[in-house]
Amino acid sequence: MARAGLTVDRIVVAAAELADEAGFGNVSLSALARRFGVKDASLYSHVRNLNDLRSRLALHAGGELIDRIADAVAGRAGRDALSAFAGAYRAYALEHPGRYAATQIQIDQSLIAGSPALRRTAEITYGMLRAYGLAEPDLTDAVRLLRSTFHGYCVLESTGGFGAPRDVRASWDKAVEALHIALTHWPREAGAAG
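This section reports on the structure supplied with the text.

So, how was this worked out
- Residues numbered from 1 in each chain as written.
- Predicted model: local features only at pLDDT ≥ 70, side-chain atom pairs only at ≥ 80, totals over all residues.
- Heavy atoms only, no water.
- Helix = DSSP H or I, 4+ residues; strand = E, 2+ residues; numbered from the N terminus.
- Buried < 20%, exposed > 50% of the residue type's maximum accessible area, 1.4 Å probe, protein only.
- Contact = heavy atoms within 4.5 Å.
- Lys, Arg positive; Asp, Glu negative; His and termini not counted.
- Charge placed at Lys NZ, Arg CZ, Asp CG, Glu CD.
- Salt bridge = Lys/Arg side-chain N within 4 Å of Asp/Glu carboxyl O.
- Core = buried A, V, L, I, M, F, W, Y, C linked by side-chain atoms within 4.5 Å.

### Focus on the overall build of the protein chain
Line of reasoning, step 1. A tally of helices and strands in the protein chain yields nine helices and zero strands.
Line of reasoning, step 2. What you see in the protein chain, going N to C, is helices and strands ordered as α-α-α-α-α-α-α-α-α.
Line of reasoning, step 3. Taken over the C-alpha atoms alone, the protein chain extends approximately 60 × 40 × 30 Å along its principal axes.
Line of reasoning, step 4. Counting over 194 residues, the protein chain shows a buried share of 41%.
Line of reasoning, step 5. In the protein chain, of all internal contacts separated by at least 6 residues, the share reaching a separation of at least 24 is 69%.
Line of reasoning, step 6. Of the side-chain charges in the protein chain, 22 are positive and 21 negative, and the distance between the mean point of each set is 4 Å.

Below you can see the structure in the form of structure tokens.
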């Protein structure tokens, strides 16, 4: 395959595919070079190093995830928006395990500042939570609760961590309903608007 066709975008998309096929931890510049039929050095004119590649992959995957969530929550509010948000999050994590794993890494700070995906993630997530009447610092606390619940559940589910015979989807739905109740009756920080 000709090296002339290499671009940062093509390399990141190939890294995303490799992450889903082989696992995020197996994404390497050597593996990608083999995919493109080039020497490792050919990739260094497009990405600085493995950390740069993984950061770009994280932003790419984060953009895909928030696009899916945005489509799911469009026109919804409250419980319906939360359920749609949660469902889109879970579906992405289970369908794209390598890409999802990439979204959990610490991203190179030089790439974060100009990331429309990260801004959009904050806008959509905080927008959904404002429907519950939350303001700072409660918004940040609620985001952390949702992220840790969704992430923990998805990781446990994808690794077979739920052994009880109860349907995993039924438990997920109960968890989302419990989150809705928690958000509706949020213990407000003293002095927080809401």
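### What to know about the pattern of salt bridges
Line of reasoning, step 1. Overall, the coordinates contain eleven salt bridges when judged by the stated rule.
Line of reasoning, step 2. Here Arg 99 ties to Asp 20 by a salt bridge, and the two come within 2.7 Å at their closest N and O atoms. Here Asp 20 lies in helix H1 (residues 8-22) and Arg 99 lies in helix H5 (residues 97-102), a separation of 79 residues in the sequence.
Line of reasoning, step 3. Take Arg 99: its relative accessible area is 11%, and that puts it in the buried class.
Line of reasoning, step 4. Take Asp 20: its relative accessible area is 21%, and that puts it in the partly exposed class.
Line of reasoning, step 5. Here Glu 21 ties to Arg 35 by a salt bridge, and the two come within 2.2 Å at their closest N and O atoms. Of this pair, Glu 21 sits in helix H1 while Arg 35 sits in helix H2 (residues 29-36); the two residues are 14 residues apart in sequence, bridging distant segments of the chain.
Line of reasoning, step 6. Three or more residues are tied together by salt bridges with common partners; here these are Glu 17, Glu 21 and Arg 35.

### Brief notes about the nonpolar core
Line of reasoning, step 1. Counting residues in hydrophobic clusters, the biggest one holds 34 residues, and the most contacted among them are Ile 69, Leu 82, Leu 129, Phe 150 and Leu 183.
Line of reasoning, step 2. Secondary structure elements with two or more residues in this core: helix H3 (50-73), helix H4 (78-95), helix H7 (116-130), helix H8 (138-158) and helix H9 (168-184).
Line of reasoning, step 3. Top element by residues in this core is H4. It accounts for nine residues.
Line of reasoning, step 4. Residues Ala 15, Leu 43, Ala 58 and Ile 107 belong to the second largest nonpolar core, which totals 24 residues.

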